[in-house]
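Architecture at a glance
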Amino acid sequence: MSTYRDFTLAHRGAARGTVLRTVGTRERRSLRTAPRVPTVGIDIGGTKVMAGVVDADGVILEKIRTETPDKSKSPKVVEDTIVELVLDLSDRHDVHAVGIGAAGWVDADRSRVLFAPHLAWRDEPLRDALQSRLAVPVMVDNDANTAAWAEWRFGAGRGEDHLVMITLGTGIGGAILEGGQVKRGRFGVAGEFGHMQVVPGGHRCPCGNRGCWEQYSSGNALVREARELAAADSPVAYNIIARVGGNVHEITGPLITELAREGDAMCVELLQDIGQWLGVGIANLAAALDPSCFVIGGGVSAADDLLIGPARDAFRRHLTGRGYRPEARIAKAQLGPEAGMVGAADLARLVARRFRRATRRRVERHERYAQLGRRGAAGPTDLKDQEQQ
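Presented here is an overview of the structure given in this document. Predicted model, so just to flag it, every value in this text is computed and none were measured.

Here we take up the pattern of salt bridges. Counted by the stated rule, this structure contains 22 salt bridges. The partner of Arg 92 in a salt bridge is Glu 62, with the nearest N and O atoms 2.7 Å apart. On the criterion of sequence distance, the pair formed by Arg 92 in the loop between helix 3 (75–90) and strand 4 (98–102) and Glu 62 in strand 3 (residues 60–67) is long-range, its members being 30 residues apart. Given a relative accessible area of 44%, Arg 92 falls into the partly exposed group. The exposure class assigned to Glu 62 is partly exposed, which follows from its relative accessible area of 21%. The partner of Arg 329 in a salt bridge is Glu 160, and the shortest N-O contact between them spans 3.0 Å. Highlighted residues: Arg 329 in strand 13 (residues 329–332) and Glu 160 in the loop between helix 5 (143–154) and strand 9 (162–168), separated in sequence by 169 residues. According to the relative accessible area criterion, Arg 329 is partly exposed, its value standing at 36%. Among the charged side chains, a salt-bridge network with shared partners connects Glu 62, Asp 88 and Arg 92.

Rendered as structure tokens:
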């Protein structure tokens, strides 16, 4: 890496610890003074690790990706993958900080991944592990938080002071932004909307409960319903059965979306069902949080109005106080699968600003002592007086 390699690990570690404990409280104000320097954002999911160099305007200068190491492997294997990607990018770019968007629960200090369902991370000190190997500050956050930040800064949520993002993928993730600040909760795990119970005694969820929202409005729910119809040899599923040659396990979310766009009645209906459940959940969130905007992202959102149209209709039908209150805007995310990576890089710029300031003060202090030492004219008391000025 460039920029900070000349500083000792001891000084660097102390400065980063102070920086990262204070960065979360002044995010919005910090944007005005954050350095316009390139940073690396990394999005870690269950199947891929995407890394990119992002400038201060959210433009991706270069992007690389690799498969996520198997979850049975040690956490260090994933760390090795991250380090390799960062070092590869740093060979061609002047990188000033690294932001990690992890698919899992991240603690309030944004230092440890408490739990990652698709990786072998259990209370993993990811930030410190990476900082011990990289020469720039590292920030760790939940991937839905980083995606929401990116949409607020550069995408569908620009100009909104109260925003909720919902990411529809294998499950449902989410994030809350208020006043330009990510609301992470007391323990750092706010926004796990997918595990709200919407159907008591409903489908079993991998979290251990029944009837979670993501069991009715997610990529898994969409595929489950299609496969069940195909396995039952339902007449409405003949088209999709033919498309996969009778192999039910080859039915995927993108295939369902593709067939729906071609007019397949079953696939259109399945997306409508998912969209209606999405609208019910959004109405519940509106009752609790009252945001001005909901941004819908994640892979399932690629279905566009086949999904979001029914969601808007269901939202209006189930909204508490409907007809007597303003309705939040529901918008599709604009940044696509790169949102988490872009948001992680942009949040890392806030850490870079504070680290640069702490480093500058330390260098200036060192230079003053060096100058006084060369003069040979200052005693211990004089040095202390100079330092306080």
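This part covers the pairing of strand 13. Here is the key point about a regular strand: its side chains alternate between the two faces of the sheet. Here four bridges tie strand 12 (residues 293–297) to strand 13, and the two strands are oriented parallel to one another. Bridging across to strand 13, Ile 296 finds its partner in Lys 332. Where the polypeptide runs from strand 12 across helix 10 (residues 305–318) and back to strand 13, its parallel neighbour, the crossover connection is right-handed.

Our focus in this paragraph is the nonpolar core. Ile 166, Ile 240, Leu 278, Phe 294 and Phe 315 are the most contacted members of the largest nonpolar core, which totals 43 residues. Among the secondary structure elements, those contributing two or more residues to this core are strand 9, strand 10 (172–178), helix 6 (219–231), helix 7 (238–243), helix 8 (253–261), helix 9 (265–289), strand 12 and helix 10. The dominant element in this core, judged by the number of residues it contributes, is helix 9, at 10 residues. Those residues in contact with Leu 278, other than ones at most four positions away along the chain, are Ile 166, Leu 168, Trp 213, Ser 217, Ile 296, Leu 307 and Ala 311.

The next thing to look at is the sheet that holds strand 1 (residues 39–44). The pairing of strands in a sheet happens through backbone hydrogen bonds and is either parallel or antiparallel. Spatially, the five strands line up as an open sheet ordered 3-2-1-4-8, and their pairing is mixed. Pairing within the sheet leaves two strands with one partner each, and these edge strands are strand 3 and strand 8 (138–142). When strand polarity is set aside, the average angle formed by the axes of neighbouring strands in this sheet is 15°. Bridge count for strand 1 against strand 2 (residues 48–54) is six bridges, and the pairing is antiparallel. In the sheet register, Thr 39 faces strand 2, and the bridge partner there is Val 54. Against the sheet, helix 5 makes contact with strand 1, strand 4 and strand 8, and its axis sits at roughly 100° relative to strand 8, the strand it touches most.

Bringing the packing of aromatic side chains into the picture now. The geometry of two aromatic rings is summed up by the distance between their centres and the angle between their planes. One pass over the structure, following the stated rule, counts four aromatic pairs. Pairing Trp 149 with Trp 152 gives two aromatic rings, centres 5.1 Å apart and planes at 50°, and the pair type is tilted. Highlighted residues: Trp 149 and Trp 152, both in helix 5, separated by three residues, approximately one helical turn. Its relative accessible area of 9% is what places Trp 152 among the buried residues. Ring centres of Tyr 216 and Trp 277 lie 5.1 Å apart, and the angle between their planes is 45°; this geometry places the pair in the tilted category. One end of the pair, Tyr 216, is in the loop between strand 11 (181–182) and helix 6; the other, Trp 277, is in helix 9, with 61 residues separating them in the sequence. Judged by its relative accessible area of 11%, Tyr 216 is buried. The class of Trp 277 is partly exposed, set by a relative accessible area of 28%.

A positive phi angle, close to 55°, is found at Asp 233, a residue other than glycine. If you trace the backbone, Asp 233 turns up in the loop between helix 6 and helix 7. The backbone of Asp 290 shows a phi angle near 50°, a positive value even though the residue is not glycine. Summarising the element assignment, Asp 290 is placed in the loop between helix 9 and strand 12.

Conventions and cut-offs
Residues numbered from 1 in each chain as written. Predicted model: local features only at pLDDT ≥ 70, side-chain atom pairs only at ≥ 80, totals over all residues. Heavy atoms only, no water. Salt bridge = Lys/Arg side-chain N within 4 Å of Asp/Glu carboxyl O. Helix = DSSP H or I, 4+ residues; strand = E, 2+ residues; numbered from the N terminus. Buried < 20%, exposed > 50% of the residue type's maximum accessible area, 1.4 Å probe, protein only. Pairing = 2+ DSSP bridges. Right-handed = clockwise from strand over helix to strand, strands pointing away. Core = buried A, V, L, I, M, F, W, Y, C linked by side-chain atoms within 4.5 Å. Contact = heavy atoms within 4.5 Å. Axes fitted to C-alpha atoms, helices over the stretch in contact; angles between N-to-C directions. Phe/Tyr/Trp six-rings, centres within 6.5 Å; stacked < 30°, edge-to-face > 60°.

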